[in-house]
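Listed below, chain by chain, are the residues.
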Amino acid sequence: MPKDPLAEVLGRYEAVIGLEVHTEITATNTKMFCGCPVAFGGEPNTRVCPVCLGLPGALPVPNEAAIEWTVLAGLATNCDIALWSQFHRKQYFYPDMPKDYQISQYDLPFCSGGSVEVEVDDHRTSIGITRIHLEEDTGKMVHVGGSEGRIAGATHSLVDFNRAGTPLMELVTEPDIRTPEEARRFAQKLRSVWLALGVSDCNMEEGSMRVDANVSVRPRGATELGTKSEVKNMNSFKSLHDALAYEIVRQAEVLDAGGEVVQETRHWDAGAKRTSALRSKEEAHDYRYFPEPDMVPFSFDPAWIEQVAARLPELPDARRDRYVADFGLPKHDAGALADDVAFACFFDEAVAIAGSDRAKQVSNWMLGELAALLNAEAVEVADSHVTPAMLAELIGLVEDGTISGKQAKEVFGEMAATGDAPGAIVEARGMKQVSDTGAIEAVVDAVLAANPTEVANYRAGKAGLIGWFVGQVMREMHGQGSPAVVNEVLKRRLDG
Ligand SMILES: [Zn+2]
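The rules behind the values
Residues numbered from 1 in each chain as written. Predicted model: local features only at pLDDT ≥ 70, side-chain atom pairs only at ≥ 80, totals over all residues. Heavy atoms only, no water. Helix = DSSP H or I, 4+ residues; strand = E, 2+ residues; numbered from the N terminus. Rg over C-alpha atoms; globule rule 2.2 N^0.38 Å. Buried < 20%, exposed > 50% of the residue type's maximum accessible area, 1.4 Å probe, protein only. Contact = heavy atoms within 4.5 Å. Areas by Shrake-Rupley, 256 points an atom, 1.4 Å probe, with all protein chains shown as cover. Lys, Arg positive; Asp, Glu negative; His and termini not counted. Charge placed at Lys NZ, Arg CZ, Asp CG, Glu CD. Donors = N, O, S within 2.8 Å, 3.2 Å for Na, K, Ca; no water. Tetrahedral: all angles 85-135°; square planar, octahedral: opposite > 155°, others 65-115°. Axes fitted to C-alpha atoms, helices over the stretch in contact; angles between N-to-C directions. Left-handed = near helix turned anticlockwise from the far one by under 90°. Nonpolar A, V, L, I, M, F, W, Y, C, P; charged D, E, K, R; others polar. Pairing = 2+ DSSP bridges. Core = buried A, V, L, I, M, F, W, Y, C linked by side-chain atoms within 4.5 Å. Expected span 1.5 Å × (residues − 1).

Peer 1: Could you give an account of the overall build of the protein chain, naming the residues involved and the relevant values?
Peer 2: Helix and strand content of the protein chain: 16 helices and 16 strands. The C-alpha atoms of the protein chain give a radius of gyration of 30 Å, which is well past the 23 Å a tight globule of 496 residues would have. Along the first, second and third principal axes, the C-alpha atoms of the protein chain reach 95 × 55 × 50 Å. For the protein chain, the proportion of its 496 residues judged to be buried stands at 46%. Long-range contacts, defined as pairs at least 24 residues apart, comprise 69% of the intrachain contacts of the protein chain with a sequence gap of at least 6. With an accessible surface of roughly 23,400 Å², the protein chain has 53% of that area assigned to carbon and sulfur atoms. The positive charge centre, built from 47 side chains, and the negative charge centre, built from 74, are 4 Å apart in the protein chain.

Peer 1: Outline unusual backbone geometry, listing residues and values.
Peer 2: Despite not being glycine, Asp100 has its phi angle at roughly 65 degrees, a positive value. Turning to its location among the elements, Asp100 is positioned in the loop between β4 (88–91) and β5 (101–104). In the Ramachandran plot, Asp121 falls in the positive-phi region, its phi being about 50 degrees despite a non-glycine side chain.

Peer 1: For the coordination of the zinc ion, give the residues involved together with the corresponding values.
Peer 2: When four donors bind a metal tetrahedrally, each ideal donor-metal-donor angle is 109.5 degrees, and when six bind octahedrally, the ideal angles are 90 or 180 degrees. Cys34 (SG), Cys36 (SG), Cys49 (SG) and Cys52 (SG) make up the full set of protein donors to the zinc ion, lying at 2.3 to 2.4 Å. Coordination geometry of the zinc ion: the four donor atoms subtend angles of 101 to 116 degrees at the metal centre, consistent with an arrangement described as tetrahedral. Motif for the zinc ion, donor spacing along one chain: C-x1-C-x12-C-x2-C. On the criterion of sequence distance, the pair formed by Cys36 in the loop between β1 (13–24) and α2 (64–76) and Cys49 in the loop between β1 and α2 is long-range, its members being 13 residues apart. In this pair, the class of Cys36 matches that of Cys49, namely buried.

Peer 1: I'd love a proper account of the packing of helix α14 (residues 452–459) against helix α15 (residues 465–476), names of residues and values included.
Peer 2: Two packed helices can be described by the angle between their axes and the distance between those axes. Two elements in contact, α14 and α15, have axes whose closest approach is 10 Å; the angle formed by their N-to-C orientations is 150 degrees. You can see that α14 and α15 cross each other, and the crossing is left-handed. Taken together, the residues of α15 that come into contact with α14 (itself represented by Glu454, Val455, Asn457 and Tyr458) are Leu465, Ile466, Trp468 and Phe469. Broken down by class, the residue content of the contact of α14 with α15 amounts to six nonpolar, one polar and one charged.

Peer 1: How would you summarise the sheet that holds β5 if you had to cite specific residues and measurements?
Peer 2: Read from one edge to the other, the open sheet built from three strands follows the order β5-β4-β15, with strand pairing classed as antiparallel. Strand pairing shows two members of the sheet lacking a second neighbour, β5 and β15 (290–291), which therefore form its edges. Where β4 meets β5, four bridges bridge the pair, whose relative direction is antiparallel. In the sheet register, Gln91 faces β5, and the bridge partner there is Tyr101.

Peer 1: Let's hear about the sheet that holds strand β2 (residues 80–81): which residues, and what values?
Peer 2: Adjacent strands of a sheet pair through backbone hydrogen bonds, lying either parallel or antiparallel. Pairing within the open sheet is mixed, and its nine strands lie in the order β2-β6-β7-β10-β1-β11-β12-β13-β14. Strands at the two margins of the open sheet, each flanked by one partner only, are β2 and β14 (274–280).

Peer 1: Go over the side chain of Ser363, please, and point to the residues and values.
Peer 2: Mapped onto the elements, Ser363 comes out in helix α9 (residues 359–377). Ignoring any residue separated from it by four or fewer positions in sequence, one finds Ser363 in contact with Leu329, Asp333, Leu337 and Phe347.

Peer 1: How would you summarise the environment of Ala484 if you had to cite specific residues and measurements?
Peer 2: By the element assignment, Ala484 lies in helix α16 (residues 483–495). The class of Ala484 is exposed, set by a relative accessible area of 57%.

Peer 1: Please give an account of the nonpolar core that cites residues and values.
Peer 2: If you look at the biggest cluster of nonpolar residues, it comprises 72 residues, and the most contacted ones within it are Leu19, Phe87, Leu134, Phe186, Trp194, Leu240 and Ile248. Setting aside residues up to four positions removed in sequence, Phe186 forms contacts with Leu19, Val21, Val116, Val118, Ile127, Ile129, Leu171, Thr173 and Ile177. Counting residues in hydrophobic clusters, the runner-up holds 37 residues, among them Ala350, Val381, Leu391 and Ala392.

Peer 1: Residue-level account of the side chain of Thr70, with values.
Peer 2: Counting through the fold element by element, Thr70 comes out in helix α2. You can call Thr70 buried: its relative accessible area is 0%. Contacts of Thr70, omitting those with residues within four sequence positions, involve Ile25, Phe110, Cys111, Ile132, Leu134 and Met169.

Peer 1: Quick rundown of helix α3 (residues 180–197)? Include the residues and the values.
Peer 2: Here α3 contains 18 residues, and its C-alpha end-to-end distance of 26 Å stays within 8% of the 26 Å for a straight helix at 1.5 Å per residue. Where α3 is concerned, the buried positions are Pro180, Glu182, Ala183, Phe186, Ala187, Lys189, Leu190, Ser192, Val193, Trp194, Ala196 and Leu197. Positive phi shows up at Gly198, right after α3, with a value of about 85 degrees.

Peer 1: Talk me through the environment of Leu255; I want residue IDs and the actual numbers.
Peer 2: When you line up the elements, Leu255 lands in helix α4 (residues 237–256). Separated by 136 residues in sequence, Leu255 and Glu119 have C-alpha atoms that sit 30 Å apart. Those residues within four positions of Leu255 in sequence are excluded, and the remaining contacts are Tyr13, Val217 and Val261.

Peer 1: Give me the pairing of β1: which residues, what numbers.
Peer 2: Of all the twelve residues making up β1, twelve are buried; the element is thus mostly covered by neighbouring parts of the structure. Because side chains alternate across β1, one face comprises the buried residues Tyr13, Ala15, Ile17, Leu19, Val21 and Thr23, and the other comprises Glu14, Val16, Gly18, Glu20, His22 and Glu24, equally buried. In terms of strand pairing, β1 meets strand β11 (residues 209–219) through eleven bridges, oriented antiparallel. Residue pairing for β11: His22 is matched across the bridge by Arg210. Looking at chain direction, β1 and strand β10 (residues 167–173) are connected through five bridges and run antiparallel. Across the sheet, the residue bridging to Thr23 is Met169, located in β10.

Honestly, that's just the spatial picture; any functional story needs more than this.
What follows is the structure, given as structure tokens:
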């Protein structure tokens, strides 16, 4: 087997990938067609009513805010917004879908024909968005008695309808994606856009953002599409990447052996790092779509779409470009800040306090110490003790020479742990850097007088000894001498 089977396979085959991304609209207070609250978890079957339980005679009432959020999501991904749209019934059976049909959209989605740009290794690709439609989420099955809640080995299953009826946006891409890495970047970009809009919390572990992938391979140079499989159950960006990499290699091996790829739905097992066949894939006509008879179609006024468009915030790509243009940040750093809306807002606030000439320092602290801290403690920036004002103050203390860069890292650690202001920490620890030339000169003179041999060696040409002298002076001053002033005084005394 070659060292990197994916790279070897992609040398001979081209992968064709399209994604389906389901995102729960968590920004609305209520479900799609009833007044039950939208939330994660909770005591089973406590957020239900006749509508989301599919009881006979209950009538759906569309959630206007959810439709607005979907239109906003469409505008943020360069889609055309339909002026005329409607819901359809999609017939299929799941035990956690009480009506035995899902209210979804068919040939008249709210949004269509968009695009999102992704970059891999400085190569920019535009991924087409076929459509974004709105539907209702299903409930959840709880399998009891098996391992890790899986159905295999379970003795019985329970149904929790709390999630049933949650507004769910389904975004479908064109088959424009060519590599697992592009797929991962696309999904990450989409998440950063949704978070910037505030439409969803996009929590992949809790299932509020779920990505399925259609993937096929064809020999390089071929124009006809290969038979695709649909891969499900990827609950992280890494799983999405790894499942696609596995599936591309698997399909290539089937073709290499003279076999045929079967059109089917496959399940990604992150533990075993493989996909396995789940069921043969249904065709759209199997669902017997027909217009939802309990709701009238929608006619949208272009002026209303304009009003929704006015709500569009600054999106991650625009923000990244602004950071590069206004603050001269490297593109990679600017992108890392802009892709996380909470991080970007923190940055904007810190720069507003510290001054735009210190934007680079703010960025360095955030992408260095702050990101490492949040990562280590697995907390969001909003939940950390560090505030934009504290970071700006800390940078100010370094810039005006009150503390050294090394001391600043100590202060950062303490303010992150305690939430105390950096100025107060510096005061309490007596950390103030000594920049007083007179005081430093006295220490320098004492060090030189105590080490005549080293002084002679330095003057005889061993210039590297300067570092040793700095170390001696700093030790005498318990690390509180200003390195710049200590260096300057030492050179003046030794070279003079
Ligand atoms: Zn309900």
